[in-house]
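Chain residues, written in single-letter form:
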Amino acid sequence: MTAWAEDQGIEGSMITFMADPVSELTAALDMGLTHPGPSSIGLVRRCKRFAMHVVDGTIKVIQISEREDDPAGDDFPEDTLSSAMLKAIRGNKENSEL
């Protein structure tokens, strides 16, 4: 995770990359990738592609990139990219202020 964070230039930012080597968080969030495709080629215990905005331990926004024809979200990750997350976070803040 450290190498990936360095590559992405997030040091000193508000972003934190976190690993889940034994899929504990994946299971707790029910984000396990259950589609038979990835497991049929040896990718076991993989999670769905998702991004979360968490404040003080509370999930404020969760976005999942998953489609029937792209269960892992690899081909269509748009919902979990920074621009989509920022839009969702802004929308969540506006709705909570009403």
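Please refer to the structure placed before this passage.
Note that residues are indexed from 1 along each chain, following the sequence as it is written. Reporting in this predicted model follows two pLDDT cut-offs: at least 70 for local features of residues, and 80 or more for side-chain atom pairs to be given and counted; totals over whole chains, interfaces and linings ignore these cut-offs and use all residues. Only hydrogens and water are removed before side-chain values are computed, so all heavy atoms of the structure are retained for them.

This paragraph deals with the packing of aromatic side chains. For Phe, Tyr and Trp, rings pair up if their centres lie within 6.5 Å, where Trp contributes its six-membered ring, and each pair is then called stacked (planes under 30 degrees apart), edge-to-face (over 60) or tilted (otherwise). Under the defined criterion, the tally for this structure stands at one aromatic pair. Ring geometry for Trp4 and Phe17: centres 4.2 Å apart, planes at 35°, overall tilted. Separated by 13 residues along the polypeptide, Trp4 in helix α1 (residues 2–8) and Phe17 in the loop between α1 and α2 (24–28) bring together distant segments of the chain. Only protein chains enter the area calculation, which uses a 1.4 Å probe; residues under 20% of their type maximum are buried, those over 50% are exposed, and those in between are partly exposed. For Phe17, a relative accessible area of 26% translates into the label partly exposed. Above the plane of the ring of Phe76 lies Arg67, whose end atom (NZ or CZ) is 3.9 Å from the centre. Under the DSSP-based scheme used, a helix requires at least four consecutive residues in state H or I and a strand at least two consecutive residues in state E, with every element numbered from the N terminus. A ring is considered to have a charge above it if a Lys NZ or an Arg CZ atom is located within 6 Å of its centre and within 35 degrees of its normal.

The next subject is the environment of Leu86. Mapped onto the fold, Leu86 is located in helix α4 (residues 82–96). A C-alpha to C-alpha distance of 9.3 Å links Leu86 and His53, two positions 33 residues apart in sequence.

Its identity as a non-glycine residue notwithstanding, Ser23 has a phi of 65°, on the positive side. Take Ser23: it is sitting in the loop between α1 and α2. Overall, the relative accessible area of 12% leaves Ser23 in the buried class. Notably, Asp56 is not glycine yet its phi reads approximately 50°, a positive angle. The exposure class of Asp56 is exposed, given its relative accessible area of 80%.

Taken together, the side chains of Val54, Ile59, Ile62 and Ile64 present a nonpolar region at the surface, about 280 Å² in accessible area. In terms of residues, the nonpolar patch owes the most to one element, strand β2 (residues 58–65), which gives three residues. Assignment of secondary structure puts Ile64 in strand β2. For Ile64, a relative accessible area of 32% translates into the label partly exposed. Every patch collects residues that have over 30% relative accessible area and no salt bridge, joining them within 9 Å if they carry like charges and within 5 Å if they are nonpolar side chains (Val, Leu, Ile, Met, Phe, Trp, Tyr). Each accessible area is a Shrake-Rupley result for a 1.4 Å probe, and residues are judged covered by the shown protein chains and nothing else. Salt bridge, as used here, is a side-chain nitrogen of Lys or Arg placed within 4 Å of a carboxyl oxygen of Asp or Glu.

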